[in-house]
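The residues making up each chain are set out below.
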Amino acid sequence: MDLSLSTRTVGDRTIVDVGGEIDVYTAPKLREQLVELVNDGNFHLVVDMERVEFLDSTGLGVLVGGLKRVRAHEGSLRLVCNQERILKIFRITGLTKVFPIHNSVDEAVAATD
């Protein structure tokens with residue numbers, strides 16, 4: 001399966017809609033998108049992972065790298081995920097303590113930093 005990416009703006013947040021698989025083959029595409037957004041001055045990102053089917057350690061690394069990039073500009077990176085199999089990966093790795101994880105894009109956008 002491939003990776004689909006699209007972006008949109010809601011208020012001061014940039015939403016990155018992600019679908020498919022984030023793995024060793026597709027993660028570079030997500031990395032490029034996050035780097036480009038930060039380079040263009042978008043420092044408050046919401047990554048919508050509701051349509052993500054699979055996430056591996058490479059994908060986790062890309063998300064952590066994106067978080068470091070936005071934090072360097074006093075920004076934020078919030079995740080939207082409500083799929084148990086993906087949430088389990090964040091719990092096992094302890095990344096639930098690192099990323100704010102929300103059930104919906106609306107919830108993530110409404111959250112304050």
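Description of the structure in this document. Every chain begins its residue count from 1, and numbering advances along the sequence as written. Residue-level local features of this predicted model are given only where pLDDT is at least 70; pairs of side-chain atoms are given and counted only at 80 or more, and the full residue set underlies all totals for whole chains, interfaces and linings. Only heavy atoms go into the side-chain values, all of them from the structure, while hydrogens and water stay out.

A few words now on the environment of Ile86. Segments assigned H or I by DSSP are reported as helices when at least four residues long, segments assigned E as strands when at least two residues long, and all are numbered from the N terminus. Here Ile86 lies in helix α3 (residues 84–93). For the pair Ile86 and Met49, spaced 37 residues apart in the sequence, the C-alpha separation amounts to 8.8 Å. Ile86 has contacts with Met49, Val52, Glu53, Phe54, Leu55 and Cys81, leaving out every residue within four places of it along the chain. By definition, residues are in contact when any of their heavy atoms lie within 4.5 Å.

It is worth spelling out helix α1 (residues 27–39) at this point. Here, expected helix span is obtained from the residue count minus one, scaled by 1.5 Å. Counted at 1.5 Å a residue, the expected span for α1 with its 13 residues is 18 Å, and the 18 Å between its end C-alpha atoms agrees. Within α1, the full set of buried residues consists of Ala27, Leu30, Gln33, Leu34, Leu37 and Val38. Projected down its long axis, α1 carries its buried residues within an arc of 130°, all on one side. Exposed and facing more than 90 degrees away from the buried side of α1 are Glu32 and Asn39. Contacts from the buried residues of α1 go to β1 (3–10), β2 (13–22), β3 (44–55) and α2 (57–71). Residue burial is assigned from relative accessible area. The probe radius is 1.4 Å, only protein chains are included, and a residue is buried under 20% of its type maximum, exposed over 50%, and partly exposed in between. The reported arc concerns the directions from the helix axis to the C-beta atoms and nothing else.

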